[in-house]
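Examining the three-dimensional arrangement
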Amino acid sequence: MAQHWADFQNEIYLNGLTGSVPRLPTDLTRLEELVERRLGPGPVGYVAGSAGSGSTAAANRAALDRRRIVPRMLRDVHQRDLSVEVLGRPLPAPLALAPVGVLSIMHPDAESAAARAAAAQGVPFVLSSASSTPMEQVAEAMGDAERWFQLYWARDREVTKSFLDRAKAAGFTALLVTLDTPLLAWRPRDLDQAYLPFLHGVGTANYFTDPAFQAGLAKPVHEDPDAAVMHFVGMFSDPAKTWPDLAFLRENWDGPIVLKGVLHPDDARLAADAGMDGVVVSNHGGRQVAGSVAAADALPRVAEAVGDRLTVLFDSGVRTGDDVFKALALGAQAVLLGRPYAYGLGLDGQSGVEHVIRCLLAEFDLTLALTGHARPGTVGSADLDLEQ
Ligand SMILES: Cc1cc2nc3c(=O)[nH]c(=O)nc-3n(C[C@H](O)[C@H](O)[C@H](O)COP(=O)(O)O)c2cc1C
Ligand SMILES: O=C(O)C(=O)c1ccccc1
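Below is a summary of the structure that appears in this document. (Residues numbered from 1 in each chain as written. Chains lettered and ligands numbered in written order. Predicted model: local features only at pLDDT ≥ 70, side-chain atom pairs only at ≥ 80, totals over all residues. Heavy atoms only, no water.)

Here we look at the overall build of the protein chain
- Counting secondary structure elements, the protein chain contains 16 helices and 10 strands.
- Taken against the 2.2 N^0.38 rule, which gives 21 Å for 388 residues, the C-alpha radius of gyration of the protein chain at 20 Å falls within 12% of a compact globule.
- Considering only C-alpha atoms, the protein chain reaches an extent of 70 × 50 × 40 Å along its principal axes.
- When the 388 residues of the protein chain are sorted by exposure, 56% land in the buried category.
- Across the protein chain, contacts joining residues at least 24 apart in sequence account for 75% of those joining residues at least 6 apart.
- The averaged location of the 47 negative side-chain charges in the protein chain is 2 Å from the averaged location of its 34 positive side-chain charges. (Helix = DSSP H or I, 4+ residues; strand = E, 2+ residues; numbered from the N terminus. Rg over C-alpha atoms; globule rule 2.2 N^0.38 Å. Buried < 20%, exposed > 50% of the residue type's maximum accessible area, 1.4 Å probe, protein only. Contact = heavy atoms within 4.5 Å. Lys, Arg positive; Asp, Glu negative; His and termini not counted. Charge placed at Lys NZ, Arg CZ, Asp CG, Glu CD.)

Structure, rendered in structure tokens:
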């Protein structure tokens with residue numbers, strides 16, 4: 001598999017011989033501006049936006065930028081292998097695509113295109129509960145790649161049970177339960193543009209096709225779609241949940257369960273005590289708590305607390321191959337990527353997402369090589385400058 005990313009490096013480099021530039025930039029931080037030009041301010045505002053005045057999203061970047069890598073020399077890096085084991089399964093690289101809801105605002109093929117891209121590159125795709133396409137349909141697009149399902153833990157127990165049953169039947173193996181969104185945060189960019197896609201029914205496909213959800217409606221969805229949307233808004237998450245409630249999920253899901261949105265080491269310990277298999281250290285890409293600790297600052301503290309008991313994954317702010325490297329050095333086993341692949345989707349559908357995955361992993365592969373590593377497993381805190 002390592003060869004695969006190296007082939008892409010060669011392909012992009014050899015373009016230089018013929019002067020043919022890549023279809024999309026290889027610096028993934030440039031995609032947001034391009035997609036804004038293509039799709040306008042509404043959809044991009046929703047994806048790029050974050051909580052409050054954006055301080056958490058900025059802190060996520062600052063915490064990654066602040067860490068500096070100290071490269072080592074003469075360590076035989078001519079052959080590299082990016083593969084890792086996560087939740088007991090082999091992955092070709094320490095990367096998965098994060099659950100991103102409402103993807104049809106970026107591209108009509110939405111989650112199916114992103115899932116096909118992930119499958120083509122062999123990386124897991126985490127399907128959001130709030131997808132624009134029903135989970136059964138996306139699962140069909142996923143081929144042999146790992147299928148992970150993100151659960152918004154609904155107020156209605158019957159809907160949660162139905163989602164778990166459907167996800168199981170559709171071949172999803174791991175469950176990521178998002179804890180940081182009991183309510184949607186104050187997001188001025190969306191409020192000021194009056195752009196809230198789910199109020200128009202985008203991202204409700206799993207709910208509107210669900211018999212348990214339908215049972216809670218006075219009239220069928222097609223007879224009163226506005227009432228169905230309001231029902232979704234009121235029940236998709238539940239601010240009354242507490243730690244003992246996790247027993248219900250543990251009883252109703254056979255595969256690994258990972259809690260997404262853990263930032264405090266004590267919460268990570270509670271996750272382990274509740275029989276969970278992992279955590280995603282994440283602040284939802286800065287979209288939930290304005291003023292929150294940067295995810296990369298929380299990561300080493302969580303890894304220190306539970307790294308020997310739980311799988312520790314990371315997201316929020318990853319944009320480059322060296323960010324992936326830094327996350328591993330801070331204690332993550334793999335990272336999830338959010339906005340950049342949504343922008344790739346907006347610019348060029350499935351191939352745009354594939355471009356993003358290939359660029360990120362080609363750059364990560366080079367970062368490994370240039371810092372003296374032949375595989376991700378040897379990366380650790382000794383690779384970072386302790387002064388930072
Ligand atoms: C437009 C958008 C929608 C999202 N929807 C979900 C979702 O449905 N479920 C979820 O757990 N996280 C969701 N997230 C958060 C991502 O899973 C992830 O935590 C975040 O995007 C990572 O940060 P990054 O975008 O800086 O990579 C969403 C993020 C964005 C940008
Ligand atoms: O926008 C988000 O961050 C998110 O998680 C979400 C929640 C509900 C519907 C769509 C997206």
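Okay, back to it.
Regarding the nonpolar core
- If you look at the biggest cluster of nonpolar residues, it comprises 109 residues, and the most contacted ones within it are Phe125, Phe172, Phe314 and Tyr341.
- Looking at this core element by element, the count peaks at 14 residues for helix 16 (residues 339-371).
- With residues up to four places along the chain from it excluded, the contact list for phenylalanine 314 reads Val280, Val281, Ala295, Ala296, Leu299, Ala327, Ala332, Ala334, Val335 and Leu336.
- Listed in part, the 15 residues of the second largest apolar core include Val84, Ala96, Val258 and Ala334. (Core = buried A, V, L, I, M, F, W, Y, C linked by side-chain atoms within 4.5 Å.)

Digging into helix 15 (residues 321-329)
- Extensive coverage of helix 15 is indicated by the burial of 8 of its 9 residues.
- Where helix 15 is buried, its residues contact helix 4 (55-66), helix 14 (295-306), strand 9 (311-314), strand 10 (334-337) and helix 16.
- Once helix 15 ends, the next one or two residues include glycine 331, with phi positive near 120°.

With respect to the site of ligand 2
- The full set of residues close to ligand 2 is Tyr46, Val102, Ala130, Tyr152, Leu184, Arg187, Phe198, Phe236, His284 and Arg287.
- Contact between ligand 2 and tyrosine 152: an oxygen atom at 2.5 Å from a side-chain N or O atom of the residue.
- Take arginine 287: an N or O atom from its side chain is 2.9 Å from an oxygen atom of ligand 2.
- Contact with the protein chains hides 94% of the accessible area of ligand 2, taken as 300 Å² for the molecule alone.
- For ligand 2, the cavity whose grid points lie within 2 Å of the majority of its atoms is the largest cavity.
- Per-class residue counts for the shell around ligand 2 are 7 nonpolar, 1 polar and 2 charged. (Near = heavy atom within 4 Å. Polar contact = N/O pair within 3.5 Å; in protein donor to acceptor, adjacent residues only side chain to side chain. Areas by Shrake-Rupley, 256 points an atom, 1.4 Å probe, with all protein chains shown as cover. 1 Å grid on protein atoms, 1.4 Å probe; cavity = no way out; pocket = protein on both sides within 12 Å on 5 of 7 lines; lining within 4 Å. Sits in = over half its atoms within 2 Å of the grid points. Nonpolar A, V, L, I, M, F, W, Y, C, P; charged D, E, K, R; others polar.)

Overview of the layout of surface pockets
- Approximately 360 Å³ is the volume attributed to the largest pocket.
- Along the lines of polarity and charge, the residues of the lining of the largest pocket split into 8 nonpolar, 6 polar and 4 charged.
- Quantified by volume, the second largest pocket comes out at close to 310 Å³.
- Forming the walls of the second largest pocket are 19 residues, and the residues nearest its centre are Leu183, Leu184, Phe198, Val233 and Phe236.
- At the level of elements, helix 8 (188-193) and helix 11 (225-235) are the ones that each hand at least two residues to the lining of the second largest pocket.
- Sorting elements by how many residues they give to the lining of the second largest pocket places helix 11 first, with 3 residues. (Points joined across faces, edges and corners; volume = space filled by probe spheres on them.)

As for a nonpolar patch on the surface
- Nonpolar side chains collect at one region of the surface, where Tyr13, Leu14 and Leu17 lie side by side and expose about 420 Å² of accessible area between them.
- Looking at where leucine 17 falls in the secondary structure, it is placed in helix 1 (residues 2-18). (Patch = residues over 30% accessible without salt bridge, like charges linked within 9 Å, V, L, I, M, F, W, Y side chains within 5 Å. Salt bridge = Lys/Arg side-chain N within 4 Å of Asp/Glu carboxyl O.)

Remarks on the pattern of salt bridges
- Here the structure, examined in full by the defined rule, presents 17 salt bridges.
- Where aspartate 348 meets arginine 23, a salt bridge forms, and the shortest distance between an N and an O atom there is 2.8 Å. Linking aspartate 348 in helix 16 with arginine 23 in the loop between helix 1 and helix 2 (31-39), this pair joins segments that are 325 residues apart in sequence.
- Its salt-bridge partner being arginine 269, residue aspartate 266 comes within 2.6 Å of it at the nearest N-O pair. On the criterion of helical spacing, the pair formed by aspartate 266 and arginine 269 is a turn pair, its members being 3 residues apart in helix 13 (residues 265-273).
- One network of salt bridges, with partners in common, ties together Arg61, Asp65 and Asp323.

Overview of the site of ligand 1
- Lining the immediate environment of ligand 1, one finds 21 residues, of which Pro99, Ser128, Thr178, Asp315 and Arg319 sit closest.
- A distance of 3.2 Å separates a nitrogen atom of ligand 1 from a polar side-chain atom of tyrosine 152.
- At 3.0 Å from an oxygen atom of ligand 1 is found a main-chain nitrogen or oxygen belonging to glycine 338.
- Compared with its free state, where it exposes 600 Å², ligand 1 has 97% of that area covered by protein.
- Its residues assigned to classes, the shell around ligand 1 shows 6 nonpolar, 10 polar and 5 charged.

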